[in-house]
Amino acid sequence: MLTEELLDLVHTVVRQKAESQTLEVKAAHLDCPKRLYDTLSSFSNQDSGGVLLFGLDERQGFQVVGVYDLQDLQKKVTEQCGQMEPPVRAVFTIAEADGLPVCAAEIPAVDLSERPCYYKGAGRLKGSYIRVGDADLPMTDYELYSCEAFRKHLHDDERPIQRADLSTLHQDALQRYLLDRRVERPGFGRLDEAQQMEMLNITRDGVPTLAAVLNFGVYPQGYLPQLGITAVVVPGREIGETAQGDDARFLDNKRIEGTIAEMVEEALAFCKRNMKTRTIIDPQTGRRTDQTEYPVSALREAILNALIHRDYSIYTEGTPVQLDFFTDRLEIHSPGSLYGRTTVEQLGHSRPDLRNPALAVMAEILADAENRYSGIPTIRREMAAYGLPAPVFENRRGEFVVILFNGTGQTETPPPADLPAADGSLLAFCAAPRTRQEIADFLGIKTVSYAIRHYVAPLIEAGSLKMTLPDRPGSPRQKYYSA
């Protein structure tokens, strides 16, 4: 961080009077804060890292109060960083604001293969934290397990389901699947059937795996009751709303079970039953076309992704995929956050880490899942072809959510065409690097994410705008400048 950037950060905090996902403010005008471990851990455990800003007092409305001793502060912070596992290497920047010394300690992200970063004095279970908004919260058992699963290459779709046996699988489907593999790989056919099923992750030591049960099982939910889909239609925009003059919370409510392929088809049938359909007449040919509320191909990809890429660990096996129809949108909730190094910004643009490789390979044949990383681009393309808003992908704590809007209830109306972005002056404004907030203010748009998604992102894709930190697109210090 440059000195000028530190001063800009101080002025922003004084003006906004708030901390953030990547910023923690500490007074330090009397001494070094004694307990920084929680924040050191949480910043290290998120991809964007974070900044500890010393010299402002939250209790005094984020006024600049200065630092008691810059040299001693850096020494004591470094000592606390050394109490972390793995050790944290803070990068310090000092400056003078309003005639008082201030200091920033940039905390880099720990590589995913080394997470969680935790305070050695409390141990891994109690000393690991995650950042949520402006708070440092203890990591849950599931979040700790997720780090371990990625580090050790554990795949829960390959775990054996002890209560199941081969007689509970669809034998015709299983034999067809094995026959196809033998035809494709003649050498594979020379192995006996038990060896073939072990190599194909159908069994582990003769016991059917979770992937096999969900793809070939006669009734998978007999062993795994919650690994299905719950689908509801809500007469409003939020869960709990009821139709006028009616106490019914759901207009339709369905529990969907079966194999992956069966659940996809039944979920699509549920969607078709509850979607509005409009008729479009081509003015040139007079041809009539019926168009559903949401593109069916986009729905299919979203549902397939939710079933194939969800977390199947023991920590989430009690949570089904959830399909929620609202009057203005459709939400597909998949248990488990994004897996591995993949970020929301990278979805559809880079090859993601695969959480359930065995299940995905089986579903490629049995459920016509492409397994070519084309799902997200297909969803985006189909929504655009329908003239609908771009899909929203949210990586929440413990779940991944896909939101498709039908265009009837956008919370913010698109700005008129005569805004600066339309006549090219946004590029002129970005001749000097600009922050997200500065761009939103320039456009007169209240929602920063909306401004970035609808104005900045297309210009980046076109090569007209560039990022100052291209390797860290989600960085809070990200700025944009015209190419």
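For the structure, see preceding data.
Since the structure is predicted, the reported quantities are computational estimates derived from the model, not experimental observations.

## Observations concerning the overall build of the chain
Part 1: Across its full length, the chain holds 15 helices and 22 strands.
Part 2: Along the first, second and third principal axes, the C-alpha set of the chain runs to 80 × 65 × 50 Å.
Part 3: Buried residues in the chain amount to 45% of all 483 residues.
Part 4: Here the contacts in the chain between residues at least 6 apart in sequence split such that 65% fall between residues at least 24 apart.
Part 5: Element-wise, carbon and sulfur atoms account for 51% of the exposed surface of the chain, whose accessible area totals about 23,700 Å².
Part 6: When the 53 positive and 68 negative side-chain charges of the chain are each reduced to one mean point, those points stand 1 Å apart.

## A word on the sheet that holds strand S13 (residues 229–233)
Part 1: Across the sheet, 6 strands lie side by side as S14-S13-S17-S18-S20-S19; this open sheet has mixed pairing. In this open sheet, the two edge strands, each paired with only one partner strand, are strand S14 (252–256) and strand S19 (392–396). Taken over all neighbouring pairs, the strand axes of this sheet differ in orientation by 15° on average, direction set aside.
Part 2: Strand direction decides the pairing type here: S13 and strand S17 (residues 321–325), joined by 5 bridges, are parallel.

## Comments concerning the packing of helix H14 (residues 436–443) against helix H15 (residues 448–461)
Part 1: Interhelical geometry of H14 versus H15 gives an angle of 80° and a closest axis separation of 9 Å. Taken as axis vectors, H14 and H15 run roughly perpendicular relative to one another. On the side of H14, the interface is formed by Arg-436, Gln-437, Ile-439, Ala-440 and Leu-443, while H15 contributes Val-448, Ala-451, Ile-452, Tyr-455 and Val-456.
Part 2: Looking at the contact of H14 with H15, its residues break down into 8 nonpolar, 1 polar and 1 charged.

## Some points on a negative patch on the surface
Part 1: A cluster of acidic side chains, namely Glu-4, Glu-5, Asp-8, Glu-438 and Asp-441, defines a negative patch on the protein surface.
Part 2: Contributing elements (two or more residues each) for the negative patch: helix H1 (3–16) and H14.
Part 3: Here the element with the most residues in the negative patch is H1; it accounts for 3 residues.
Part 4: By the secondary structure assignment, Glu-4 is in helix H1.

## Focus on helix H6 (residues 171–184)
The periodicity of an α-helix, 3.6 residues per turn, causes residues three or four positions apart to be oriented the same way.
Part 1: The end-to-end C-alpha distance of H6, which contains 14 residues, comes to 20 Å, matching closely the 20 Å that a straight helix rising 1.5 Å per residue would cover.
Part 2: Where H6 is concerned, the buried positions are Ala-173, Leu-174, Tyr-177, Leu-178 and Arg-181. One face of H6 carries all of its buried residues, which in axial projection span an arc of 130°. Residues of H6 that are exposed and angled more than 90 degrees away from the buried face: Asp-172, Arg-176 and Val-183.
Part 3: If you follow the buried residues of H6, they end up packed against helix H7 (193–199), helix H8 (210–216) and helix H11 (357–366).

## Concerning the packing of helix H10 (residues 296–309) against helix H12 (residues 375–385)
Part 1: Where H10 contacts H12, the axes come no closer than 8 Å and their chain directions differ by 150°. It follows that H10 is roughly antiparallel to H12 by the angle criterion. Of the two elements, H10 crosses H12, and the hand of that crossing is left-handed. Facing H10, whose interface residues are Ser-297, Ala-298, Glu-301, Ala-302 and Asn-305, H12 presents Gly-375, Ile-376, Thr-378, Ile-379 and Glu-382.
Part 2: Across the contact of H10 with H12, the residue classes tally to 4 nonpolar, 4 polar and 2 charged.

## Looking at the pattern of salt bridges
Part 1: Throughout the structure, instances matching the rule amount to 27 salt bridges.
Part 2: Linking Glu-184 and Arg-181 is a salt bridge whose minimum nitrogen-to-oxygen distance equals 3.1 Å. Residue Glu-184 and its partner Arg-181 are both found in helix H6; the two are separated by 3 residues, about one turn of the helix.
Part 3: You can call Glu-184 partly exposed: its relative accessible area is 46%.
Part 4: Under the relative-accessibility criterion, Arg-181 is labelled buried at 11%.
Part 5: The closest approach of N and O atoms between Glu-399 and Arg-396, which form a salt bridge, is 3.5 Å.
Part 6: A relative accessible area of 23% places Glu-399 in the partly exposed class.

## Some details on the sheet that holds strand S1 (residues 23–26)
Adjacent strands of a sheet pair through backbone hydrogen bonds, lying either parallel or antiparallel.
Part 1: With mixed pairing, 4 strands are arranged side by side in an open sheet as S1-S2-S7-S6. Edge strands, defined here as strands with exactly one partner in the open sheet, are S1 and strand S6 (91–97). When the angles between neighbouring strand axes are averaged without regard to direction, this sheet yields 20°.
Part 2: With 5 bridges connecting them, strand S2 (residues 50–54) and strand S7 (residues 100–107) associate as antiparallel partners. In the strand pairing of S7, Leu-52 is matched with Ala-105.
Part 3: Taken strand by strand, helix H2 (residues 37–44) contacts S1, S2 and S7, and its axis lies near 150° from that of S2.

Rules and cut-offs
Residues numbered from 1 in each chain as written. Predicted model: local features only at pLDDT ≥ 70, side-chain atom pairs only at ≥ 80, totals over all residues. Heavy atoms only, no water. Helix = DSSP H or I, 4+ residues; strand = E, 2+ residues; numbered from the N terminus. Buried < 20%, exposed > 50% of the residue type's maximum accessible area, 1.4 Å probe, protein only. Contact = heavy atoms within 4.5 Å. Areas by Shrake-Rupley, 256 points an atom, 1.4 Å probe, with all protein chains shown as cover. Lys, Arg positive; Asp, Glu negative; His and termini not counted. Charge placed at Lys NZ, Arg CZ, Asp CG, Glu CD. Pairing = 2+ DSSP bridges. Axes fitted to C-alpha atoms, helices over the stretch in contact; angles between N-to-C directions. Parallel < 35°, antiparallel > 145°, perpendicular 65-115°, else oblique. Nonpolar A, V, L, I, M, F, W, Y, C, P; charged D, E, K, R; others polar. Patch = residues over 30% accessible without salt bridge, like charges linked within 9 Å, V, L, I, M, F, W, Y side chains within 5 Å. Salt bridge = Lys/Arg side-chain N within 4 Å of Asp/Glu carboxyl O. Expected span 1.5 Å × (residues − 1). Arc of directions from axis to C-beta. Left-handed = near helix turned anticlockwise from the far one by under 90°.

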